[in-house]
Amino acid sequence: MDRVWKALAARGPPPRTPEYEPLTTEDEAASLEDSMTLTAYEEEVPFSWMEYGIFTLLGMSMLWAWYVSHLPKPNNSTRRMLTRNRGLRNMFLAAAPYFFWRFAGDAWIQANFQSLILTASTLVNLSSLLVLSNIQQSASYPFRINLALLTNTVVFALLTVSTAVFLDASAHTYLVFLLALVVCSSWATGLIQNGAFAFAGSFGRPEYMQALMAGQGIAGVVPAVAQVVSVLLFPPEEQPPMDVGDSPKAQSSAFYYFLAAVVVSVVTMLALIPLVRRHNQIVEGRMTSRLGESVTSVEEAERAARKVASLWQLFQKLPWLASGVALTFAETMFFPVFTAKIVSVTPDAGGLLRPAAFIPLAFFFWNLGDLGGKLASAVRLSVQRRPFVLFVLAVARTGLLALYLLCNIGGRGAVVQSDVFYLLVVQGSFGLTNGWLGSSCIIASGDWVEEGEREAAAAFMGLCLVLGLAAGSLLSFTISGI
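Residues numbered from 1 in each chain as written. Predicted model: local features only at pLDDT ≥ 70, side-chain atom pairs only at ≥ 80, totals over all residues. Heavy atoms only, no water.

Asker: Now, about the overall build of the protein chain: what can you tell me, with residues and values included?
Answerer: For the protein chain, the count of helices and strands is 20 helices and 0 strands. Taking all 482 residues of the protein chain together, 55% fall into the buried category. Of all intrachain contacts in the protein chain linking residues separated by at least 6 positions in sequence, the fraction that spans at least 24 positions is 84%. Carbon and sulfur atoms make up 67% of the accessible area of the protein chain, which totals about 19700 Å². (Helix = DSSP H or I, 4+ residues; strand = E, 2+ residues; numbered from the N terminus. Buried < 20%, exposed > 50% of the residue type's maximum accessible area, 1.4 Å probe, protein only. Contact = heavy atoms within 4.5 Å. Areas by Shrake-Rupley, 256 points an atom, 1.4 Å probe, with all protein chains shown as cover.)

Structural data, given as structure tokens:
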């Protein structure tokens, strides 16, 4: 496997410049040029497909709570309220039909619970990432990951139980309960985002960082496929209308979805056990050779190797990569607004071209492109070693948004009368560029900081990703009326 990655790897970083240069020694630079390996770490830590698979699973778990799951669609009386947040919904908002039923009897809560969930989750997630990114010296990233998974297990277990007990609780009581779980889950999301990127960075293998991104791509494709298949098997017109006062179908779907989230979290925790052991062996081996008998524990070894760097110091070393990843994901948050409104140019044809199936199909093609881009980032091209070029490509990607204006927005007609153009060229390319650019920026970050800063740099890039998503979510409201 090492030979494959070495064959795919690009030659060393671009020539050093005073403004921006990778922090490598002369010996490391010579090794890069001669052997075409990415860093000296590749010789120290052999690649393992098992470890790659575990990081992929971890990447899936990171975004499991943030992707839309297919649940019974609300009837016409509630569809308008639920549609306004399409594309920005996390796991809690995916269960909107069930929550709408639980809040029956209180019109204000029914109209505002989605906004409350979005606000609480965004504020807590960003706040936790900012705090965690500044706690570096004493950080135990495996502990943060396991704590996040344990928290999500408890949160989803409580939600699962709540679909069967205390169904007579008042709307206000259940809202407090739900928001408390949203806060806990968002805090856990910050923990796992910070911990997973830093943990992958500690191995010194760019493939593992790429595995995290690939796992996130898989987490987007699977729900999209499930939704398309579900719509085809059970067309909306064949589904009995949901009664807001009595919704056993939404209750049952929410039960199984929350239970699936519990299973995913538990499986990931179990899968991490051998990975953490391997990580501890690597740390012990590295630091024992450097510090000899003075190392008494893995935690001591890790802290001795770390170099604390503030967020500003990390940004100064990674200006183009940090800006590039933030800009890429900010741009990405515009696509759900367009996707929810673009319909087929021949909607009367039925099947996949019906709006109920065509919109999920469009999300599938975007996620498929995103996954393809993340997988393609494993092939290290020379452009991926040039941070400023990646940033320029992220800026140029903004122009792809104009392609959506050529499509059939709101059924008002398309400039390009082709569903293939929309699905493959527009959605596919926008997803592909998101996966490739985002992954390339994050993977490259370890090349431009000191060895002891790689964990902090990886966590910092994860923070930039979330900042981009948050900024894009806010900016996307500027085109909500299109």
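Asker: Go over the packing of aromatic side chains with me, naming the residues and quoting the values.
Answerer: Taken as a whole and judged by the stated rule, the model has 26 aromatic pairs. Judged by centre distance (5.1 Å) and plane angle (25°), the rings of F55 and Y208 are stacked. One end of the pair, F55, is in helix α4 (residues 49-63); the other, Y208, is in helix α11 (residues 206-233), with 153 residues separating them in the sequence. Note on Y208: relative accessible area 0%, which makes it buried. Taking 4.9 Å as the distance between ring centres and 10° as the angle between the ring planes, the aromatic pair formed by F338 and Y404 counts as stacked. Note that F338 is positioned in helix α16 (residues 335-339) and Y404 in the loop between α18 (387-396) and α19 (419-444), a separation of 66 residues in sequence. Of the residues examined, F338 reaches a relative accessible area of 5% and is grouped as buried. (Phe/Tyr/Trp six-rings, centres within 6.5 Å; stacked < 30°, edge-to-face > 60°.)

Asker: Got a sec to walk through helix α17 (residues 355-376)? Specific residues and values, please.
Answerer: Given a rise of 1.5 Å per residue, 22 residues ought to cover 32 Å, and the 31 Å separating the end C-alpha atoms of α17 matches this to within 8%. α17 sits mainly inside the fold: 16 of its 22 residues count as buried. (Expected span 1.5 Å × (residues − 1).)

Asker: I'd like a rundown of the nonpolar core, residues and numbers included.
Answerer: Residues F55, F197, L212 and M461 are the most contacted members of the largest nonpolar core, which totals 65 residues. For this core, the element with the most residues is helix α20 (residues 454-476), which contributes 11 residues. Each of two domains, domain 1 (47-233 + 250-284) and domain 2 (307-481), supplies a minimum of three residues to this core. Every residue in contact with L212, bar those within four places of it in the chain, is listed here: F55, L58, G59, M62, A196, F197 and A200. Judged by nonpolar contacts, the second largest core, of 27 residues, contains V337, F358, F364 and V426. (Core = buried A, V, L, I, M, F, W, Y, C linked by side-chain atoms within 4.5 Å. Domains from an automatic or database assignment.)

Asker: So, the pattern of salt bridges: which residues are in play, and what are the values?
Answerer: As enumerated under the stated definition, the model contains 7 salt bridges in all. Between K317 and E453 there is a salt bridge whose closest N-O contact spans 2.7 Å. With K317 in helix α14 (residues 311-317) and E453 in the loop between α19 and α20, the pair connects residues that are 136 residues apart, well separated along the chain. Among the residues examined, E453 registers a relative accessible area of 2% and is labelled buried. One salt-bridge network, held together by shared partners, links R380, R385 and D447. (Salt bridge = Lys/Arg side-chain N within 4 Å of Asp/Glu carboxyl O.)

Asker: Describe the side chain of R102, with residues and values.
Answerer: Summarising the element assignment, R102 is placed in helix α7 (residues 96-102). Salt bridges are absent for the buried R102, whose nearest opposite-charge side chain, D168, sits at 6.8 Å. A polar contact of 2.9 Å, which involves the side chain of R102, links it to the side chain of Y98. A polar contact is formed between the side chain of R102 and the backbone oxygen of S162, at a distance of 2.9 Å. (Lys, Arg positive; Asp, Glu negative; His and termini not counted. Polar contact = N/O pair within 3.5 Å; in protein donor to acceptor, adjacent residues only side chain to side chain.)

Asker: Outline the confidence of the model for the protein chain, listing residues and values.
Answerer: A residue-level look at the protein chain finds 76% of positions with pLDDT of 70 or above and a mean pLDDT of 78. The low-confidence segment residues 7-21, where pLDDT is below 50, has 33 contacts with residues more than four positions distant or belonging to other chains. (pLDDT = per-residue confidence, 0-100.)

Asker: Got a sec to walk through the environment of F99? Specific residues and values, please.
Answerer: Tracing the sequence through the fold places F99 in helix α7. F99 sits in the buried class, given a relative accessible area of 0%. C-alpha separation for the pair F99 and Q110, spaced 11 residues apart in sequence, amounts to 8.2 Å.

Asker: Give me the environment of V389: which residues, what numbers.
Answerer: With respect to the element layout, V389 can be found in helix α18. Each C-alpha atom, one on V389 and one on L321, is 9.5 Å from the other, the two residues being 68 residues apart in sequence.

Asker: Talk me through the packing of α18 against α19; I want residue IDs and the actual numbers.
Answerer: The contact between α18 and α19 brings their axes to 11 Å, and the two run at 155°. The orientation of α18 relative to α19 falls into the category roughly antiparallel. The two elements α18 and α19 meet at a crossing, and its hand is left-handed. In this structure, α18 uses L390, L393 and A394 to contact α19, whose residues at the interface are W436, L437, S440 and C441. (Axes fitted to C-alpha atoms, helices over the stretch in contact; angles between N-to-C directions. Parallel < 35°, antiparallel > 145°, perpendicular 65-115°, else oblique. Left-handed = near helix turned anticlockwise from the far one by under 90°.)

Asker: A description of the packing of helix α8 (residues 107-133) against helix α10 (residues 171-202) should follow, citing residues and the corresponding values.
Answerer: As a packed pair, α8 and α10 sit with axes 8 Å apart at the nearest point and diverge in direction by 30°. In terms of orientation, α8 and α10 fall into the roughly parallel class. Both α8 and α10 take part in a crossing whose hand is right-handed. Across the contact of α8 with α10, the residue classes break down as 16 nonpolar, 10 polar and no charged. (Nonpolar A, V, L, I, M, F, W, Y, C, P; charged D, E, K, R; others polar.)

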